[in-house]
Amino acid sequence: MLLAMIVSLAPVQILAADAAFTQFVASLWPEAQQAGVSRAVFDRETRALEPDYKLPDLLLPGRPSTGAPSQAEFVQVPADYVKEASIARLAAEGQRLMIQHRATLAAIEQRFGVPGAIILAIWGRETDYGRHALPYDGLRVLATQAYVGRRKDQYRGEFIEALKLIQNGDVTRKNLRTSWGGATGLTQFLPSELHKHGVDFDGDGHINIWTSVPDALASAAQQLKNKGWQPGLRWAYEVLAPRNADCTQGVPEVTKPISQWAREGYIPVRGLRLSAAEQAQSASLLQPEGIYGPAFLTTKNYFVIKEYNFSDLYVLFVGHLADRMANGPPFATPWSASTQMRSTDVETMQKHLTQIGLYSSKLDGKAGMQTRAALGAYQKKAGLKVDCWPSADVLRAMSAGR
């Protein structure tokens, strides 16, 4: 009897939740109207719109985790994310596309100062040069994220910008496919970023990053330029770190001229000789696996690419893929076989590091630069091996109150 009552109530609860969603979407009309969306477009595109509660990273009180995959950049170890086979395949295809789109890429670089290989690498990483079909209905994703996502206010604006794209005729509702985070097009823009940086490079009157390669590539270049891209500056240099390297220095705030890093033992791999201008460049240390795996000295352009996607592994993938298109070699130092801790464990570490005053950034379960440096500082304090990498040993030490 009780089971029957539960079964009978479940659809009612779902309908109630969806009714609340429908009411929420309707409440967005005043903002949409103020932004210039017509009533006809708003009503047409929101009619029968339903939430997608299976998206990852939603805030759903009382609901179990869906187990949906999160961003690969934050749950895979570097060896899995920057796979040599993937890089080699994409580099070969990128070289072919560089020839095919030579005139367009030259015009883009002349206008924006961003090398064609960097833009092609972004296209390759984001959608496999357009081969990857984005799986989600964009409006449904953006509305769901605005309703129960972790950045509700941001996604309210993204939803309205998406309605404007449809109203302007830049994209149809059918073609507005996105990732689970709402990014769309060949080079993966959020609607607000497309509004800020989009370029009608083919001159047809529309900013079309879904089927126009010139528009997609030029928009990516414009975004990088607007975020501070410096022409003629490499994104990073792979280096061999000295045995006594202090991995806690691997944060953006610690910058030194490359010549100073070299004096401290961080030597470019394969005997690469840098010009005086290159040695004078300011750089930060990046060790994606702590003291394990490759090390890099990253320039300002590294952090510009990071504005496109905040993951260090994403920037490494894009920068390295661009180098390989120019016949650059694989990484000199192999990635280690380290395992990635679960996001919940990394978040537990971040909470502990915050409590003892070593960490002040987001509690997001992602082992980024700030988290790795804070772990190294903790390891120093606790008398552990300092490797700046989240591990079961570190978690046990924290649990034991060390």
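Placed above this text is the structure.
The following paragraphs examine the structure supplied in this document. Since the model is a prediction, treat every value here as computed from it, not as a measurement.

**With respect to the side chain of S179**
So, point 1. Along the polypeptide, S179 turns up in the loop between β2 (177–178) and α11 (191–197).
So, point 2. On the basis of relative accessible area, S179 is assigned to the buried category, the value being 19%.
So, point 3. Excluding anything up to four places from it in sequence, S179 contacts L134, Y136, V141 and Q188.

**Section: the sheet that holds strand β3 (residues 236–240)**
So, point 1. One open sheet accounts for five strands, arranged β4-β6-β8-β3-β5; its pairing is antiparallel. At either end of the open sheet lies a strand with only one pairing partner, and these are β4 (255–257) and β5 (267–268).

**With respect to the nonpolar core**
In globular proteins that are soluble, nonpolar side chains generally tend to be buried together.
So, point 1. Judged by nonpolar contacts, the single largest core of 84 residues is most densely connected at F159, L224 and L321.
So, point 2. Counting residues per element, this core draws most heavily on helix α16 (residues 312–325), which supplies nine residues.
So, point 3. Among the nonpolar cores identified, the runner-up in size contains 13 residues, and M341, M349, Y359 and L375 belong to it.

**As for helix α3 (residues 39–46)**
So, point 1. All buried positions along α3 are accounted for by V41, F42, E45 and T46. Summarising the axial view, the buried residues of α3 lie within an arc of 105°, below the 170-degree limit, and thus occupy one face.

**A short note on the pairing of β3**
So, point 1. Burial of β3 is extensive: four of the five residues sit out of reach of the surface.
So, point 2. Pairing of β3 with strand β8 (residues 295–298) involves four bridges; the strand directions are antiparallel. Paired with Y237 across the two strands is L297, which belongs to β8.
So, point 3. For β3 and β5, the ladder comprises two bridges, and the chain directions are antiparallel. Bridged to L240 within β5 is I267.

**Some points on helix α15 (residues 300–308)**
So, point 1. The complete set of buried residues in α15 reads N301, Y302, V304, I305, K306 and Y308.
So, point 2. On the buried face of α15, the contacting elements are α8 (116–127), α12 (213–226), β6 (282–286), β8, α16 and α18 (369–382).

**A look at the pattern of salt bridges**
So, point 1. Applying the stated rule across the entire model yields 22 salt bridges.
So, point 2. Taking the shortest distance from any N to any O, the salt bridge between R150 and D57 comes out at 2.7 Å. Within this pair, whereas R150 is found in the loop between α9 (138–148) and α10 (152–168), its partner D57 is found in the loop between α3 and α4 (72–75), the two being separated by 93 residues in sequence.
So, point 3. Judged by relative accessible area, R150 falls into the exposed class, the value being 52%.
So, point 4. Looking at D57, the relative accessible area reads 39%, which means it is partly exposed.
So, point 5. Note that D128 is salt-bridged to R131, the shortest N-O span being 3.5 Å.

Cut-offs used in this document
- Residues numbered from 1 in each chain as written.
- Predicted model: local features only at pLDDT ≥ 70, side-chain atom pairs only at ≥ 80, totals over all residues.
- Heavy atoms only, no water.
- Helix = DSSP H or I, 4+ residues; strand = E, 2+ residues; numbered from the N terminus.
- Buried < 20%, exposed > 50% of the residue type's maximum accessible area, 1.4 Å probe, protein only.
- Contact = heavy atoms within 4.5 Å.
- Pairing = 2+ DSSP bridges.
- Core = buried A, V, L, I, M, F, W, Y, C linked by side-chain atoms within 4.5 Å.
- Arc of directions from axis to C-beta.
- Salt bridge = Lys/Arg side-chain N within 4 Å of Asp/Glu carboxyl O.

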